[in-house]
Amino acid sequence: MTKVIVVTSGKGGVGKTTTSASIAAGLALKGRKTAVIDFDVGLRNLDLIMGCERRVVYDFVNVIQDEATLNQALIKDKHCEHLFILPASQTRDKEALTQEGVEKVINGLKDMGFEYIICDSPAGIETGALMALYFADEAIVTTNPEVSSVRDSDRILGILQSKSRRAEKGEEPVKEYLLITRYSPERVENGDMLSVENINDILRIPLIGVIPESKDVLQASNEGTPAIYLNNTVVAEAYKDVVARLLGENRPMRFLDVEKKGLFQRLFKKG
C-alpha cells in the first residue's frame, strides 16, 4: 500500500527540501520504490538538491495538464535505482496545481507501484502548500529551534487537522511527526535556541528526529546531492535515523547534547 508523506512547515528556510530529498533517498536506499514531488511551482529547488536540474524536460504541471505522461516527467536518480523525482515548473503560476490534477498524479504513481510518495511542500499556506498536504497520510512538520518557526509550525498543524482530505472525510487523522532542523546543543545551553523539550511542550506531536546544525548541509546542496549521501557526517546519520523511525525501527535520539571535549582539546583551546 502506498504511503503519501508531506514535508511541510509554516516558515521558509527551515530545510524542507533538504529533508524531502534525504528522506526520499533514505527510503529508496532501503529498497522502497519512492517518488519525491516538488510542489513549489515557480521556484523549483528540489531538482538542484537532487543534482538532476539539467535532465528536466517535463514537469509536474505538464503531467497535470496532459502535456506529458508520468513516465516522461519522472527523473530516475543517478545514485539509487528505486528513487524518482518529479520536478516543479519554473514558468507556470501556482494556480496550475488543482486538486483533481494532483490526485491524478498521485493515483498514477500508486498505479506504478510506488511505495512512498514524498511531497516537498512550499512554506506557509498558499496553494502549493495546501495541495501538498491535502492527500497526505503522514506529515513531517519541519521547524528550526526558534520561536517564530515553532509558532508557524503550530499553525500548519491546525491546517493539517482541518483541511486535509482525511479531515474532510472524517477519516483517521494525518499522522504528524516533528522534525527539528539546525539544532545546536551549544546554543541551546547558552540560551540562544529553544530546546527539544521547549518545542515538544509547544507542538506536542511525536518527535521523529533532530538534525544538527552543520556546514555539511550547504556542501550537499552545492554538490547537488541529498545530505543523507554524505557518509560519515552527523547530518547523514541523523537523516538515516529519521528514515529508520519512519519504517518502524526504534532508535534513540542522538545529537541532543553538547559534545564533551577531551583533555587534549581543552588544553589546546586554552593555549
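Scroll up to find the structure this text is about.
These numbers were taken from a predicted model, which means no experiment stands behind them.

## Some points on the packing of helix α1 (residues 16–29) against helix α12 (residues 234–246)
Packed helices, taken two at a time, are described by the angle their axes make and the gap between the axes.
Part 1: Packing of α1 against α12 leaves a shortest axis separation of 9 Å and a crossing angle of 60°. Taken as axis vectors, α1 and α12 run oblique relative to one another. Crossing of α1 over α12 shows right-handed handedness. Residues Thr18, Thr19, Ser22, Ile23, Gly26 and Leu27 of α1 form the contact with α12, whose own contacting residues are Tyr239, Val242, Val243 and Leu246.

## Here we look at the environment of Ser22
Part 1: Looking at the secondary structure, you find Ser22 in helix α1.
Part 2: Take Ser22: its relative accessible area is 0%, and that puts it in the buried class.
Part 3: Residue contacts for Ser22: discarding those within four places in its chain leaves Pro226, Ala227, Ile228, Tyr239 and Val243.
Part 4: Separated by 3.2 Å, the side chain of Ser22 and the backbone nitrogen of Ile228 make a polar contact.

## Thoughts on the packing of aromatic side chains
Part 1: Here the structure, examined in full by the defined rule, presents 3 aromatic pairs.
Part 2: Consider the rings of Phe84 and Phe114, whose centres lie 5.5 Å apart with planes at 90°: the pair is edge-to-face. Placement of Phe84 in strand β4 (residues 83–86) and of Phe114 in the loop between α5 (99–111) and β5 (116–120) is noted, with a sequence separation of 30 residues between them.
Part 3: Relative accessible area serves as the criterion here: at 17%, Phe84 is assigned to the buried category.
Part 4: On the basis of relative accessible area, Phe114 is assigned to the buried category, the value being 2%.
Part 5: The ring of Phe114 has Lys33 sitting right over it, with the charged end atom 4.6 Å from the ring centre.

## Thoughts on the pairing of strand β1 (residues 3–8)
Part 1: Counted residue by residue, β1 has 5 buried out of 6 residues, so it is predominantly covered.
Part 2: Both β1 and β5 contribute to a ladder of 5 bridges, which runs parallel. From the neighbouring strand, Val4 faces β5, where its bridge partner is Ile117.
Part 3: Summarising the sheet, β1 and strand β6 (residues 138–143) pair through 4 bridges and their orientation is parallel. Along β6, the bridge assignment pairs Ile5 with Glu138.

## Structural notes on the pairing of strand β7 (residues 175–183)
Part 1: With 7 of its 9 residues buried, β7 lies for the most part within the structure.
Part 2: Pairing geometry for β7 and strand β8 (residues 207–212), over 4 bridges, is parallel. By the bridge assignment, Leu178 is partnered in β8 with Leu207.

## Overview of the side chain of Glu176
Part 1: Inspection of the secondary structure puts Glu176 in strand β7.
Part 2: Within the structure, Glu176 has its side chain in polar contact with the side chain of Gln161 (distance 3.1 Å).
Part 3: Discounting chain neighbours no more than four positions away, the residues touching Glu176 are Ala139, Leu157, Leu160, Gln161, Ile205 and Pro206.

About the thresholds
Residues numbered from 1 in each chain as written. Predicted model: local features only at pLDDT ≥ 70, side-chain atom pairs only at ≥ 80, totals over all residues. Heavy atoms only, no water. Axes fitted to C-alpha atoms, helices over the stretch in contact; angles between N-to-C directions. Helix = DSSP H or I, 4+ residues; strand = E, 2+ residues; numbered from the N terminus. Parallel < 35°, antiparallel > 145°, perpendicular 65-115°, else oblique. Left-handed = near helix turned anticlockwise from the far one by under 90°. Contact = heavy atoms within 4.5 Å. Buried < 20%, exposed > 50% of the residue type's maximum accessible area, 1.4 Å probe, protein only. Polar contact = N/O pair within 3.5 Å; in protein donor to acceptor, adjacent residues only side chain to side chain. Phe/Tyr/Trp six-rings, centres within 6.5 Å; stacked < 30°, edge-to-face > 60°. Lys NZ or Arg CZ within 6 Å of the ring centre and 35° of its normal. Pairing = 2+ DSSP bridges.

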